[in-house]
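Structural features, examined
Take a look at the letters that make up each chain.
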Amino acid sequence: MLHFQMLASVVEGHIAQFINDWPVLDLLTDSRKLSQPAGTVFFAISGRHNDGHKFTSQLYAQGVRQFVVEEQRVQAQLKNYPEANFLEVKSSLAALQAVAAWHRQQFRVPVIGVTGSNGKTIVKEWLAQLLSPDELVVKSPRSYNSQIGVPLSVWQLNEQHTLAIFEAGISQPGEMEKLQQIIRPGIGIFTNIGSAHNEGFTSVEQKVAEKLKLFKQAELLFYCDDYPLLHQAVQASGIKSFTWSRTSKKADLVISDTTVAGAKTIVVYNCQGQKQRLAIPFTDEASVENALHCLAVLLHRGLPLFDIQNRLDKLHPVAMRLEMKEAINGCYLIDDTYNNDLAGLAIALDLLASQPQRGRRTLILSDLLESGVQEEELYRQVATLVQVKKVERLIGVGPTMQKHAEAFGGIGTFYSSTAAFLERFEADSFRNEVILIKGARVFGFEKIVQAFQQKVHGTVLEVNLDALVHNLNYYRSKLASGTKLMVMVKAFAYGSGSFEVANLLQFHHVDYLAVAYADEGVSLREHGITLPIMVMNPSADSFAKLRQYNLEPEIYSLELLEQFLLSSSAAAAPDRIHLKLDTGMHRLGFIEEDFESLFRLLEQHPQVQVMSIFTHLAGADEALHNDFSAQQITTFRKLSEQVQARLGYQVLRHVLNSAGIVRFPEHQLDMVRLGIGLYGVEATGAEQEALQSVSTLKTTVSQVKRIGKGETVGYSRKGVAIEAKTIATIAIGYADGYDRRFSNGVGEVIINGKRAPIIGNVCMDMCMVDVTGLEVKAGDGVMVFGPQLTLVELAQKIGTIPYELLTNVSARVKRVFFAE
Ligand SMILES: *Cc1c(COP(=O)(O)O)cnc(C)c1O
């Protein structure tokens, strides 16, 4: 077992303070994910977006006693940590990687490394499942494949395991060498090569070459040689390979035919001179490709055909995401039926713990299908996690959970099976709870999810929280160090769900939030949001509420300030406000003429504290208005200096919205105000590629019908069939926020991957689309907007802006949040 002093030599660090040679059991990089302080070593990583050193004192208070920090960062304050070991290193990230690489070297087990543009996680999950009858497999949790995720994955490896499968993902040159050192795969799988994540590379060739570095020491590489660039690169590298192909007869596994039959794909193949057929339980291209990678591995291992078929039959789609949604009786569900092992459970419990004020925290948990840990020990660890993550109610499902009921103290109720739980399910016994549903695939927990789901019509707005974080980090990477970030969550977070978005932003440590109205701020506070919040349109009758909920009004006129002062109590707490200047937008704001009166009022009321002063650009997104923007900024700088000078204390100055952050990096001042960019729309258009689509509006087909030539569709008979047509009625109308201007062929939707135009007028609750020649049936899913049909494109069609389309999605459309 690794101990602290040994750790110091493994990572070549300098011991700055030594108390005790404690064991190293857990590596922690994210202060929010602490589970057991004893044996935890915290690596304070200073990343592009965050600095782990900010959290050392908090972790010390929580009982962590071992820290790896970067040189010069904590030295002066060591006296504040009288009982902790401290190790100083050049880079904490490099130290984390070094300790994982050292750990890996302690084991001789076969290690499979998986990389490629798509399918890494699924291939890893499936392969682990397919090989589990013969092996005790350790694998990366979820898609832990980054510079931090890989070390944490490899750290799980222990003496019991007979096989390891780790995935590796990179976004720029230089990263794979580091991951190779940690994983050291003897066997490789290179899934494919696509155009995704191209930003960091100069060409696809370079990307392939970089990724291939994972297999530097591999004895065997599995890949599909239908990707010419990949094939050439592997050939040139001299790595021994096992290939499969649909086109080349030279491959080790030749796929001569694939035919879809019902829900399966029948594969005819030739391997080592033997012609065989097999059924894969999927029909979509990507799943078939992923399954063929796995088939190659199974054939290479020499498994008998009936065994392979047997195991393939049990594969299920891997739910790549974890969904959050509203449920019966004010409950909120976190639906995670992805798999159920200890690492995955810890991640899901962190998410549960990060939902403040949602009500009682409940966990519905199936038996864990964990390999490599003894049952008693496993359930002891589960019980500790459940306790540390403050689960208040536990429902255990499955014979093993039942058997270990005592490990959980008094908080649990246990059932032998999912059916047994559902038989006794009483909706009324769940009220205002946040419920994490976490079950291994075989337990069929989707039935439990269904029991909790509210009935809603088939239209949903899916919000991708990972994309939101990606976009947040993209804008953060543009900020000078020290520049603060205010995020606009007005108008229901641009239609995406105020609380969920605000909660995520709080988790990611933004500095400020802004809403339009007091009520929006109150609702955030009631949901446990503690970040400072600016309210942009405070009305005089809301001032008491603002104070009560610690919300900070934007003050834009003398009248408003006078009203605010009148309502001011003699309370001791300072009254925090923000001053808005009008520099040319001519919407709200003080102008220079107001200044003398403004200063006089502020001087008379020293309890009022100005937190920030700001203005808004009228044309930040367009080069056409560059001169005007420059003039606004100059005016603002001049006026804000006057205000600063008179106030005699520091206030934050801010000007830039999303477009401004992209176009005027030199004018970030003390803070910027991010809006639409967070939600995936780059307002200037120039850097749209760098953002990810956040919201997808989906509905379903209610009915399909054929109409004859000359017949008409919908109100006012506007849709005329000039020839016989097939029409699909879909469950979205203008009352859902689907603009009526999309009528009569202006708008399009995507059904089963194909575009289909609107025919006739959009109705209140539904509309009709022309699906002539397409494969469409009632119940099929419809994408109204999303990654393949962008807000930018749709907004152009009807002469509006993406902001309007996003914020128009009406409240009756259910929001579903998901994350990987
Ligand atoms: C809405 C708003 C923003 C954000 O604008 P985006 O264009 O969405 O980035 C910034 N500042 C003020 C005052 C706003 O009202």
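Calculation notes
Residues numbered from 1 in each chain as written. Predicted model: local features only at pLDDT ≥ 70, side-chain atom pairs only at ≥ 80, totals over all residues. Heavy atoms only, no water. Pairing = 2+ DSSP bridges. Helix = DSSP H or I, 4+ residues; strand = E, 2+ residues; numbered from the N terminus. Axes fitted to C-alpha atoms, helices over the stretch in contact; angles between N-to-C directions. Salt bridge = Lys/Arg side-chain N within 4 Å of Asp/Glu carboxyl O. Buried < 20%, exposed > 50% of the residue type's maximum accessible area, 1.4 Å probe, protein only. Contact = heavy atoms within 4.5 Å. Nonpolar A, V, L, I, M, F, W, Y, C, P; charged D, E, K, R; others polar. Core = buried A, V, L, I, M, F, W, Y, C linked by side-chain atoms within 4.5 Å.

**Here we look at the sheet that holds strand S7 (residues 137–139)**
Reading across the sheet, the nine strands line up as S7-S8-S6-S9-S10-S11-S12-S13-S14 and stay open at both edges, with mixed pairing between neighbours. Only two strands of the sheet have a single partner each, and these edge strands are S7 and strand S14 (274–280). The sheet shows a mean angle of 20 degrees between the axes of neighbouring strands, taken without regard to direction. Bridge count between strand S6 (residues 111–115) and strand S8 (residues 163–167): four bridges; the pairing is parallel. Along S8, the bridge assignment pairs Ile 112 with Ile 165.

**So, the pattern of salt bridges**
By the definition in use, this model includes 42 salt bridges. A salt bridge links Asp 519 to Lys 545; the shortest N-O distance between them is 3.4 Å. Of this pair, Asp 519 sits in helix H19 (residues 518–526) while Lys 545 sits in helix H20 (residues 543–548); the two residues are 26 residues apart in sequence, bridging distant segments of the chain. By relative accessible area, which is 35% here, Lys 545 ends up partly exposed. Note that Lys 777 and Asp 780 form a salt bridge whose closest N and O atoms lie 3.1 Å from each other. Taking relative accessible area as the criterion, Lys 777 reaches 55% and is therefore assigned exposed. The exposure class assigned to Asp 780 is buried, which follows from its relative accessible area of 8%.

**Quick word on the pairing of strand S30 (residues 695–707)**
Note: strand S21 (residues 460–464) against S30, four bridges, orientation antiparallel. From the neighbouring strand, Glu 462 faces S30, where its bridge partner is Thr 696. Of the pairings in the sheet, the one linking S30 to strand S37 (residues 781–785) comprises four bridges and is antiparallel in character. Along S37, the bridge assignment pairs Leu 697 with Phe 785.

**Considerations on the packing of helix H3 (residues 92–105) against helix H6 (residues 175–183)**
For the pair H3 and H6, interaxial distance at closest approach is 7 Å and the crossing angle is 35 degrees. Facing H3, whose interface residues are Gln 97, Ala 100, Ala 101 and Arg 104, H6 presents Lys 178, Gln 181, Ile 182 and Ile 183. When its residues are assigned to classes, the contact of H3 with H6 shows four nonpolar, two polar and two charged.

**Some thoughts on the nonpolar core**
Counting 142 residues, the largest nonpolar core has Leu 513 and Leu 579 as its most contacted members. Top element by residues in this core is helix H16 (residues 465–476). It accounts for seven residues. Filtering out sequence-adjacent residues up to four positions away, Leu 513 remains in contact with Met 486, Val 487, Val 489, Ala 502, Leu 505, Leu 524, Ile 529, Leu 531, Pro 532, Ile 533 and Met 534. Counting 40 residues, the second largest nonpolar core, distinct from the first, contains Ala 128, Val 288, Leu 312 and Leu 315.

**Re the sheet that holds strand S2 (residues 26–28)**
Taken in spatial order, the five strands make up an open sheet running S1-S5-S4-S3-S2, and their pairing is mixed. Each edge of the open sheet carries a strand with a single partner, namely strand S1 (14–17) and S2. The average angle at which neighbouring strand axes cross in this sheet is 25 degrees, direction not considered. In this structure, S2 lies alongside strand S3 (residues 40–43), joined through three bridges in parallel fashion.

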